[in-house]
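Structural description and commentary
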Amino acid sequence: MNNPSEVVFRVAVGVVVVTWFAVRGYFQKKVGSSEKISSHHGRREKRSYMLVSVSFLPILLYVFTSPFSFAHIAIPSWLRWAGLISGLSASGLFAWTHFALGKNWSGLLEIAKDHELVTGGPYRFVRHPMYSAFFLMGIGVLLLSSNWLVGGLNLTAVTAMYLVRVADEEAMMLGHFGQSYQTYMDHTGRVFPRLRT
Ligand code: SAH
């Protein structure tokens, strides 16, 4: 799979992944680690988080060496380029969620000292826009690479992380913020904005 157009798609996947990690790196450095007053993550959550991190390895391998040509799927070029829009939108949304969460962000399920409930920015529309960004990124990589292994592994890992975490995360937030979070839940969707309020 070394024809010139494949190389362009590999570079495009590389650009998308670099912007994603640049966003995470920038905000992780900026926010630092704040004091936590409670942790609600078990082994399952840690493992699913690890799985998502590991699922980026085949993506990097695809960018540099492309050993997965057996998993190539034939889709039209325009659809592959739609993947670039999805991937770059994912990085943009990822940056917006980090910006909105500020020091309240944590990679695992934790409540920080002076944790504030964020309901602005993308959190105005959905409760889990960062997970929406992960899904958009997975879809972007799947389309751009048109490779079921490279994109499929990442999307499977992201889906597993979402399913393992989301109910526990909402229970944690309800436990800490009580009625404020309940009211917030009543007005927002999980990863898709509500059509009717
Ligand atoms: N699920 C959210 C946030 C992911 S980061 C999203 O997809 O956008 C996970 C951490 O964010 C959790 O440990 C929790 O402490 C924090 N968090 C989640 N929603 C929040 C909110 N609305 N306000 C403040 N902190 C929130």
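Presented here is an overview of the structure given in this document.

Let us look at a nonpolar patch on the surface. Where nonpolar side chains cluster on the molecular surface, the patch consists of Met 50, Val 54, Leu 57, Leu 60 and Phe 64 and spans about 520 Å² of accessible area. Only helix H2 (43–54) and helix H3 (56–64) provide two or more residues apiece to the nonpolar patch. With three residues, the single largest contributor to the nonpolar patch is H3. Residue position: Leu 57 is located in helix H3. Since its relative accessible area comes to 51%, Leu 57 is described here as exposed.

Now for the nonpolar core. Counting residues in each nonpolar core, the largest one holds 45 residues, and the members touching the most others are Val 13, Trp 20, Val 52, Ile 59, Phe 94, Met 130 and Phe 134. Every element with two or more residues in this core is listed here: helix H1 (4–31), H3, helix H4 (77–101), helix H5 (129–145), helix H6 (148–177) and helix H7 (179–186). Residues within four places of Val 52 in sequence aside, it is in contact with Phe 134, Asn 154, Ala 157, Val 158 and Met 161.

Now for the site of the ligand. Taken together, the neighbourhood of the ligand is formed by 21 residues, with Glu 110, Val 118, Tyr 123, His 128 and Glu 169 sitting nearest. Between the ligand and His 115, the relevant distance is 2.9 Å, taken from a nitrogen atom to a side-chain nitrogen or oxygen of the residue. Here the ligand, which alone exposes 540 Å², has 99% of that area covered by the protein. Those elements that provide at least two residues to the shell around the ligand are H5 and H6. If you tally residues by element for the shell around the ligand, the top one is H6, at four residues. By residue class, the composition of the shell around the ligand is 12 nonpolar, four polar and five charged.

All right, on to the side chain of Ser 132 then. With respect to the helices and strands, the residue Ser 132 is situated in helix H5. A distance of 3.0 Å separates the side chain of Ser 132 from the backbone oxygen of Val 191, its partner in a polar contact. Not counting the four nearest positions on each side in its chain, Ser 132 is found in contact with Leu 93, Val 126 and Val 191.

The subject of this paragraph is H6. Between its terminal C-alpha atoms H6 stretches 41 Å, which fits the 44 Å expected from 30 residues at 1.5 Å a residue. Arg 165 marks where H6 bends most, by close to 35°. Capping the start of H6, Asn 147 holds a side-chain oxygen 3.1 Å from the backbone nitrogen of Leu 149, two or three residues further along. The positive-phi residue at the C-terminal boundary of H6 is Gly 178, with phi of around 55°.

This brings us to the packing of H2 against H3. Between two packed helices, what matters for the description is the angle formed by their axes and the separation of those axes. Running from amino to carboxyl end, H2 crosses H3 at an angle of 5°, the nearest separation of the two axes being 4 Å. Classified by the angle their axes make, H2 and H3 are roughly parallel. Residues Val 52, Ser 53 and Val 54 of H2 form the contact with H3, whose participating residues are Phe 56, Leu 57 and Pro 58. Among the residues forming the contact of H2 with H3, the class breakdown is five nonpolar, one polar and no charged.

What follows covers the pattern of salt bridges. Side chains that differ in charge, positive against negative, can pair when their charged atoms come close. Taken as a whole and judged by the stated rule, the model has five salt bridges. Between Glu 116 and Lys 103 there is a salt bridge, and its shortest N-O distance comes to 3.9 Å. One end of the pair, Glu 116, is in the loop between strand S2 (110–112) and H5; the other, Lys 103, is in the loop between H4 and S2, and 13 residues separate them in sequence. Among the residues examined, Lys 103 registers a relative accessible area of 44% and is labelled partly exposed. If you follow the salt bridges from partner to partner, you end up with Arg 127, Glu 170 and Arg 190 in one network.

Turning our attention to the packing of H6 against H7. Between H6 and H7, whose axes approach to 6 Å, the crossing angle comes to 130°. Here H6 lies oblique to H7, going by the angle between them. On H7, the residues that touch Glu 170, Met 173, Leu 174 and Phe 177 of H6 are Gln 179, Ser 180, Tyr 181, Gln 182 and Met 185. Tallied by class, the residues present in the contact of H6 with H7 amount to five nonpolar, three polar and one charged.

Reading guide: rules and limits
Numbering of residues begins from 1 in every chain and follows the order in which that chain's sequence is written. Selection of residues for local features in this predicted model requires a pLDDT of at least 70, selection of side-chain atom pairs for listing and counting requires 80 or more, and totals for whole chains, interfaces and linings are taken over all residues. As a rule here, side-chain values cover all heavy atoms of the structure and leave hydrogens and water aside. Patch definition: residues with relative accessible area over 30% and no salt bridge; like charges joined within 9 Å; nonpolar side chains (Val, Leu, Ile, Met, Phe, Trp, Tyr) joined within 5 Å. All accessible-area figures derive from a Shrake-Rupley calculation using a 1.4 Å probe, and residue coverage is judged against the displayed protein chains alone. We count a salt bridge whenever a side-chain nitrogen from Lys or Arg sits within 4 Å of a carboxyl oxygen from Asp or Glu. Here a helix means four or more residues in a row that DSSP labels H or I, a strand means two or more in a row labelled E, and each is numbered from the N terminus. With a 1.4 Å probe rolled over the protein chains alone, any residue whose accessible area is under 20% of its type maximum counts as buried; one over 50% counts as exposed, and the rest are partly exposed. In these notes, a set of buried Ala, Val, Leu, Ile, Met, Phe, Trp, Tyr and Cys residues joined through side-chain atoms within 4.5 Å is what counts as a nonpolar core. Note on contacts: a residue pair qualifies if any of its non-hydrogen atoms lie within 4.5 Å across the two residues. We call a residue near a molecule or strand whenever a single non-hydrogen atom of that residue lies within 4 Å of it. Polar contact is the term for a pair of N or O atoms within 3.5 Å; when the atoms are in protein, one must be able to donate a hydrogen and the other to accept it, and sequence-neighboring residues count only if both atoms are side-chain atoms. Amino acids are sorted into nonpolar (Ala, Val, Leu, Ile, Met, Phe, Trp, Tyr, Cys and Pro), charged (Asp, Glu, Lys and Arg) and polar (every other residue, Gly among them). Here the expected length of a helix is defined as 1.5 Å per residue gap, with one fewer gap than residues. What the bend at a residue measures is the angle between two axes, fitted to the seven residues ending there and to the seven starting there. Whenever a helix is involved, its axis is fitted only over the stretch in contact; in every case the axis is a line through C-alpha atoms, and angles between N-to-C directions fall within 0 to 180 degrees. Roughly parallel here means an angle under 35 degrees, roughly antiparallel means over 145, roughly perpendicular means 65 to 115, and every remaining angle is called oblique.

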